[in-house]
Amino acid sequence: MTTTKQRRGRGRISGLVIGVAVAALAGMTSAASAARDAQPTWRDCAGQGTPAGMQCAAIEVPVDWAKPDGLKVELDLARLPATEPAHRIGSVLGIPGGPGADGIEDLKRAADLTELGRRFDLVAYKPRTTVWREQLPPSCMQPGTSLLDPQSRKEYKAQAAAMTKAFKECQNADKTGLFAHMDSLSAARDMDAVREALGEERLSFMANSYGGVPATAYIRLFPQRIRAMYIDGVVNHALGWPEAQLQVLSVSERGFAGFTTWCAATAACALHGEDAGAVWRKLIRDADRHPIPTTSPGLGKGELTGWQLKTFGYMNDPARWPAFAEAVDKARHGDGSGFGEVILGNSRIWAMPGALAMTCADGRGYTGYAQLQKFRRQARKISPNLGGGAAMDALGCAGWPLPVANPSRPLPTRGLPPFLGAGSTWGDYVWTESFTRMIPRSVTVGYDGPGHALYLTGKKCPIQHATTYLTGLRPPKPGTICPAE
């Protein structure tokens, strides 16, 4: 298992090495040089489900890049060497989502990499967030509070204070040192250490989902090291988290309109013959006054408020509409079990300090109650049926006790190559397209169907566009849409 450790002696935690203090920037440079000089030793990977020819290795990077002689963390690497080495172009590094997803597992389960793998080494790694996830102290897995949508500044501060207490308990229990260093700027420096260890001047990248945040950080720090970048359903960190949430709400509101139209025309809908939108809005109002009891097989008993119901999601996929209608019908009769597993699970995760520590340093929380109030007004205007409340994940981060190391801010784009994005027009296309719109000559391919991380899930049309782009650096024409498969 990947562990933090000393430079010598696996599995042990080191303190700071006594020596002459150096400036932070010089330290980062020397750490990167060490990664370059200590080339990894590649060996055949072992384990069930490992693709033939996959090779494994590991590198060490500083837990805190400003202290290169301090605590280290070991990151596992994997690669599938190019199958046509005489025509090899270079390496493609996958940037996994989550945060906390394992890029090596992504590489193992990727649906179709045959064509891309002809001319590229396909490289994956286990990010520091995954190392953290695998070593979470028990206190980091306990929710800090029961998240509620605060209706006053006093309630907001009390909830944030409860989360701050939970964060500090988690940090005190952490023996890895990673708690304070899981921001995406640190992750981007890890990515560049991988590049150095591979001996590549420039890399091509494939980022999916939350992987867009370390991808953005890498653009800030190492733009000259990017040969090409394919981004798939990524979060646009440069816009800021409230704006990203509003983008999703606009898509979900259109999905809700589609649901009500379908329900009016479909006898199989549990709300057929009624105004489904009116039923939903009444349910929300009633649940805010009198929460609905629910039981989850995995999470036990709970209660659901109207605010929580609006966080349920799944508005954009018609395949889920029948189950959603049944859940609404049951809930208005006092049974919230159709929503319970998802909502209680999300409520628990987004109050868990160990999970939030992987995102709060990227500025995911509200800056204060005033920003939350502004978000509510905007959300209510964009989505009357689903907006108007706080974003659950941002509420948890409101109690983050450390400085935000990687806040959202405008992205310098001069000198970058054109990027290629992909996303479902039913969901995350709006995120990805807002990202590529910042990069001159970049294009986002739309997929006219449900899905997320399209390359990993085997959507053939996006895969073909990604392969063509990464190989020849030629994005398709603007406005390209892939039909649903």
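Residues numbered from 1 in each chain as written. Predicted model: local features only at pLDDT ≥ 70, side-chain atom pairs only at ≥ 80, totals over all residues. Heavy atoms only, no water.

## Let's talk about the overall build of the chain
Secondary structure summary: the chain contains 16 helices and 13 strands in total. Relative to the globule expectation of 23 Å for 485 residues, the C-alpha radius of gyration of the chain, 23 Å, shows essentially globular dimensions. Taken along the three principal axes of its C-alpha coordinates, the chain extends 70 × 50 × 45 Å. Within the chain, the fraction of its 485 residues that count as buried is 54%. Restricting to contacts in the chain with at least 6 residues of sequence separation, those with at least 24 account for 74%. Accessible surface computed for the chain: about 21,000 Å², of which carbon and sulfur atoms make up 54%. Taken together, the 55 basic and 44 acidic charged side chains of the chain have centroids lying 5 Å from each other. (Helix = DSSP H or I, 4+ residues; strand = E, 2+ residues; numbered from the N terminus. Rg over C-alpha atoms; globule rule 2.2 N^0.38 Å. Buried < 20%, exposed > 50% of the residue type's maximum accessible area, 1.4 Å probe, protein only. Contact = heavy atoms within 4.5 Å. Areas by Shrake-Rupley, 256 points an atom, 1.4 Å probe, with all protein chains shown as cover. Lys, Arg positive; Asp, Glu negative; His and termini not counted. Charge placed at Lys NZ, Arg CZ, Asp CG, Glu CD.)

## Some points on helix α6 (residues 212-221)
With nine of its ten residues buried, α6 lies for the most part within the structure. Of all the residues in α6, the buried ones are G212, V213, P214, A215, T216, A217, Y218, I219 and R220. In this structure, the buried side of α6 is in contact with β5 (90-95), α5 (184-198), β7 (203-208), β8 (226-232), α7 (241-265) and α15 (429-436).

## Side note on the packing of aromatic side chains
The way to describe two aromatic rings as a pair is by their centre distance and the angle between their planes. With the rule as written, the count across this model stands at 22 aromatic pairs. In textbook terms, an aromatic cluster arises when at least three aromatic residues are bridged by ring pairs, as seen for F256, F259, W262, W280, F312, W321, F324 and F339. In this arrangement the basic side chain of R79 is found over the ring face of W42, its NZ or CZ atom lying 4.1 Å from the centre. (Phe/Tyr/Trp six-rings, centres within 6.5 Å; stacked < 30°, edge-to-face > 60°. Lys NZ or Arg CZ within 6 Å of the ring centre and 35° of its normal.)

## Notes on the packing of α7 against helix α10 (residues 321-332)
Two numbers describe how α7 lies on α10: the axes approach to 11 Å, and their chain directions differ by 80°. As judged from the angle between their axes, α7 and α10 are roughly perpendicular. For the pair α7 and α10, contact is made by G255, G258, F259 and W262 and by W321, P322, F324 and A325, respectively. Residues that form the contact of α7 with α10 fall into these classes: six nonpolar, two polar and no charged. (Axes fitted to C-alpha atoms, helices over the stretch in contact; angles between N-to-C directions. Parallel < 35°, antiparallel > 145°, perpendicular 65-115°, else oblique. Nonpolar A, V, L, I, M, F, W, Y, C, P; charged D, E, K, R; others polar.)

## Digging into the side chain of D149
The topology assignment puts D149 in the loop between α3 (128-134) and α4 (153-173). Looking at D149, its side chain comes within polar contact range of the side chain of R376, at 2.7 Å. Here A390 takes part through its backbone nitrogen, which lies 3.2 Å from a polar atom of the side chain of D149. Sequence-distant contacts of D149, that is, excluding residues within four places in its chain, are made with E155, W307, R376, G388, G389, A390 and L395. (Polar contact = N/O pair within 3.5 Å; in protein donor to acceptor, adjacent residues only side chain to side chain.)

## Describing α5
The end-to-end C-alpha distance of α5, which contains 15 residues, comes to 21 Å, matching closely the 21 Å that a straight helix rising 1.5 Å per residue would cover. Burial runs high along α5: 15 of the 15 residues are buried. Backbone nitrogen of L185 and a side-chain oxygen of the N-cap are separated by 3.2 Å at the start of α5; the cap is D183. Of the residues flanking the end of α5, it is G199, one or two places downstream, whose phi is positive at about 75°. (Expected span 1.5 Å × (residues − 1).)

## Observations concerning the confidence of the model for the chain
Summary statistics for the chain give a mean pLDDT of 90 and a share of 92% for residues scoring 70 or more. Counting contacts from residues 1-32, a segment whose pLDDT is below 50, to residues more than four positions away or on other chains yields 62 contacts. (pLDDT = per-residue confidence, 0-100.)

## A word on the pairing of strand β4 (residues 72-80)
Extensive coverage of β4 is indicated by the burial of eight of its nine residues. Pairing of β4 with strand β6 (residues 120-125), which is carried by four bridges, proceeds in the antiparallel orientation. The partner of L77 across the bridge, within β6, is Y125. (Pairing = 2+ DSSP bridges.)

## Topic: the packing of α7 against helix α13 (residues 369-382)
It is the contact of α7 with α13, at a shortest axis distance of 9 Å, that shows an interaxial angle of 20°. Viewed along their axes, α7 and α13 adopt a mutual orientation that is roughly parallel. The chirality of how α7 crosses α13 is right-handed. Judged by residue contacts, P242, Q245, L246, L249, S250 and E253 of α7 engage Q371, F375, Q378, A379 and I382 from α13. (Left-handed = near helix turned anticlockwise from the far one by under 90°.)

## Regarding the environment of Q308
With respect to the helices and strands, Q308 occurs in helix α9 (residues 306-310). Counting along the chain gives 156 residues from Q308 to Q464, while the straight-line C-alpha distance between them is 39 Å. When sequence neighbours within four positions are dropped, the list of residues in contact with Q308 reads L147, E303, I343, S347 and M392.

## Some remarks on the state of the cysteines
In the structure shown here, the tally under the stated rule is five disulfides. The disulfide partner of C140 is C170, and the S-S distance across this bridge is 2.0 Å. Its torsion about the S-S bond being 100°, the disulfide of C140 and C170 is classed as right-handed. With C140 in the loop between α3 and α4 and C170 in helix α4, this residue pair connects regions lying 30 residues apart in the sequence. (Disulfide = S-S within 2.5 Å.)

## Here's the deal with the pairing of β7
Regular strands show a simple pattern: their side chains alternate between the two faces of the sheet. Here β7 lies mainly inside the structure; six of its six residues are buried. Burial along β7 is two-sided: the face carrying L203, F205 and A207 and the face carrying S204, M206 and N208 are both buried. In this sheet, β7 lies alongside β5 in parallel orientation, the contact comprising four bridges. Looking at the pairing, L93 lines up with F205 of β7. The pairing of β7 with β8 spans six bridges and is parallel.

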